[in-house]
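# Observations on chain architecture
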Amino acid sequence: MASRQQMTEQDVSTQAAEEVGEQAMGPAFLASVASVGLSWYYFFVRGDRQRGLFVGLWPPTILAFASYFNQQKMSQQLETITKPGTSIKNAIDSMMGNS
């Protein structure tokens, strides 16, 4: 059974990971939605099907880049936390961005 300290550390790390995900995916999600709207505009309103399809390929690319950068940021935080000699206070401060 996990101790109380381990449970709170896990809650803090889960919360920090969710915050990183929200920060990284917000602008990317908005850009993807705008790209879908622009794609529909070109495809249906202007009748330029080729351009509409081209712009329609942007959202997966935008979201893939955002996911990659999000994973890199979480990997760096994990490396900072798991360094030998890192105290719990320093690890939590680095996760919260207070370092």
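Residue indices begin from 1 for each chain and proceed along its sequence in written order. It should be noted that, the model being predicted, local features are given only for residues of pLDDT at least 70 and side-chain atom pairs only at 80 or more, the latter also being counted only at that level, while totals for whole chains, interfaces and linings use all residues. With hydrogens and water set aside, each side-chain value is computed from the structure's full complement of heavy atoms.

Glancing now at the overall build of the chain. On a plain count of helices and strands, the chain comes out with 4 helices and 0 strands. When its helices and strands are written in sequence order, the chain yields α-α-α-α. Buried means the residue's accessible area, taken with a 1.4 Å probe over protein chains only, is under 20% of the maximum for its type, while exposed means over 50%, and partly exposed covers the values in between. Residue burial in the chain is summarised as follows: out of 99 residues, 19% are buried. Looking at the chain alone, contacts between residues at least 24 apart form 55% of all its contacts between residues at least 6 apart. Note on areas: Shrake-Rupley, 1.4 Å probe, and residue coverage restricted to the protein chains presented here. Counting every atom, the chain has about 7500 Å² of accessible surface; 60% of that belongs to carbon and sulfur. What counts as a helix is a DSSP run of H or I of at least four residues, what counts as a strand is a run of E of at least two, and both are numbered from the N terminus. For this analysis, residues touch if any pair of their heavy atoms sits within 4.5 Å.

Any carboxyl oxygen of Asp or Glu that lies within 4 Å of a side-chain nitrogen of Lys or Arg is treated as forming a salt bridge with it. Following the criterion strictly, the structure yields 1 salt bridge and no others. The residue Asp48 makes a salt bridge to Arg51 at a minimum N-O spacing of 3.6 Å. The partly exposed category is assigned to Asp48, whose relative accessible area is 29%.

Let us now look at the packing of aromatic side chains. Centre-to-centre distance and the angle between the planes together describe a pair of aromatic rings. Here the aromatic set is Phe, Tyr and Trp, taking the six-membered ring for Trp, and pairing holds for ring centres within 6.5 Å; pairs whose planes are under 30 degrees apart are stacked, those over 60 apart are edge-to-face, and all others are tilted. Inspection of the entire model under this criterion finds 4 aromatic pairs. Seen in terms of ring centroids, Phe43 and Phe44 are 4.9 Å apart; in terms of plane orientation they differ by 80 degrees. Their pairing is edge-to-face. With 5.7 Å between their ring centres and 80 degrees between their planes, Phe54 and Trp58 make a pair best called edge-to-face. Classification of Phe54 by relative accessible area gives exposed; the value is 51%.

Among the secondary structure elements, Ser35 is positioned in helix α1 (residues 4-45). Along the chain, Ser35 and Gly56 lie 21 residues apart, while their C-alpha atoms are 6.7 Å from each other. Excluding residues within four positions of it along the chain, Ser35 makes contact with Val55, Trp58 and Pro59.

If you trace the backbone, Ser39 turns up in helix α1. When its relative accessible area of 8% is taken as the criterion, Ser39 is described as buried. Counted as a polar contact is a pair of N or O atoms within 3.5 Å, where, for protein atoms, one must be capable of donating a hydrogen and the other of accepting one, and residues adjacent in sequence contribute only when both atoms are in side chains. In this structure the side chain of Ser39 is engaged in a polar contact, spanning 2.6 Å, whose partner is the backbone oxygen of Gly52. The contacts of Ser39, once residues within four sequence positions are left out, are Gly52, Val55 and Gly56.

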